[in-house]
Amino acid sequence: KDAPEPGGPDGLVPINEVARRFGLPASTIRYYEERGLVHPVSRHSGRRWYGQAELRRLAVVRYWQRAGLMSLDDIALILAGSDEVPQWRVVVDRHVRALEAQIAELQTAKEFLEHVASHHTSSPDGCPHYEAEIWGSLSG
């Protein structure tokens with residue numbers, strides 16, 4: 001998807017246009033502002049106006065929100081990241097480890113389903129492999 005193009009005074013985009021381009025209600029953008037995730041560059045005619053840097057920040061927020069992988073607090077730490085306070089690295093490392101665990105779990109589930117599809121013409125109930133996976137999942 002192309003980045004939103006500037007269109008207002010000084011190349012800025014008004015909040016209603018930002019909302020339309022990102023498919024968000026303006027209230028969500030204002031909420032992100034309250035959380036410190038984005039900040040309007042200026043206010044003209046009673047409206048918030050955003051520059052390209054803020055549109056990029058909003059795209060980052062939307063990416064992680066859509067992926068469902070990070071809380072707004074974690075996203076804020078990453079966006080605020082600095083070398084003096086490397087908290088963002090802790091957040092990134094934690095999410096990398098969580099994704100690795102999720103990938104391993106999904107790979108196991110995929111292999112299990114492949115086994116079921118290739119070895120069973122009817123219900124896999126009673127299959128030793130199936131039973132081991134089902135009961136093993138309760139202990140993990």
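Now for a look at the structure at hand. (Residues numbered from 1 in each chain as written. Predicted model: local features only at pLDDT ≥ 70, side-chain atom pairs only at ≥ 80, totals over all residues. Heavy atoms only, no water.)

### With respect to the pattern of salt bridges
Next, step 1: For the structure shown, the criterion picks out 8 salt bridges.
Next, step 2: Note that Glu17 and Arg20 form a salt bridge whose closest N and O atoms lie 2.5 Å from each other. In this pair, Glu17 and Arg20 both sit in helix H1 (residues 15-22), 3 residues apart, roughly one turn of the helix.
Next, step 3: Between Asp73 and Arg35 there is a salt bridge; the shortest N-O distance is 2.3 Å. Note that Asp73 is positioned in helix H4 (residues 72-79) and Arg35 in the loop between helix H2 (26-34) and strand S2 (42-44), a separation of 38 residues in sequence.
Next, step 4: When its relative accessible area of 32% is taken as the criterion, Arg35 is described as partly exposed.
Next, step 5: Salt bridges sharing common partners tie together Glu17, Arg20 and Arg21. (Salt bridge = Lys/Arg side-chain N within 4 Å of Asp/Glu carboxyl O. Helix = DSSP H or I, 4+ residues; strand = E, 2+ residues; numbered from the N terminus. Buried < 20%, exposed > 50% of the residue type's maximum accessible area, 1.4 Å probe, protein only.)

### Describing the nonpolar core
Next, step 1: The biggest cluster of nonpolar side chains holds 19 residues, and the ones touching the most others in it are Val18, Ile29, Tyr32 and Leu58.
Next, step 2: Listed by contribution, the elements that provide at least two residues to this core are H1, H2, helix H3 (52-67) and H4.
Next, step 3: Ignoring anything within four residues of it in the chain, the contact list for Val18 reads Val13, Ile29, Tyr50, Leu55 and Leu58. (Core = buried A, V, L, I, M, F, W, Y, C linked by side-chain atoms within 4.5 Å. Contact = heavy atoms within 4.5 Å.)

### A closer look at the packing of helix H5 (residues 87-119) against helix H6 (residues 128-139)
Next, step 1: It is at 10 Å that the axes of H5 and H6 come closest, and there the two elements cross at 155 degrees. What the angle tells us is that H5 and H6 run roughly antiparallel. You can see that H5 and H6 cross each other, and the crossing is left-handed. Taking contact as the criterion, the partners of Thr108, Phe112, His115 and Val116 in H5 are, on H6, His129, Tyr130 and Glu133.
Next, step 2: Here the residues of the contact of H5 with H6 sort into 3 nonpolar, 3 polar and 1 charged. (Axes fitted to C-alpha atoms, helices over the stretch in contact; angles between N-to-C directions. Parallel < 35°, antiparallel > 145°, perpendicular 65-115°, else oblique. Left-handed = near helix turned anticlockwise from the far one by under 90°. Nonpolar A, V, L, I, M, F, W, Y, C, P; charged D, E, K, R; others polar.)

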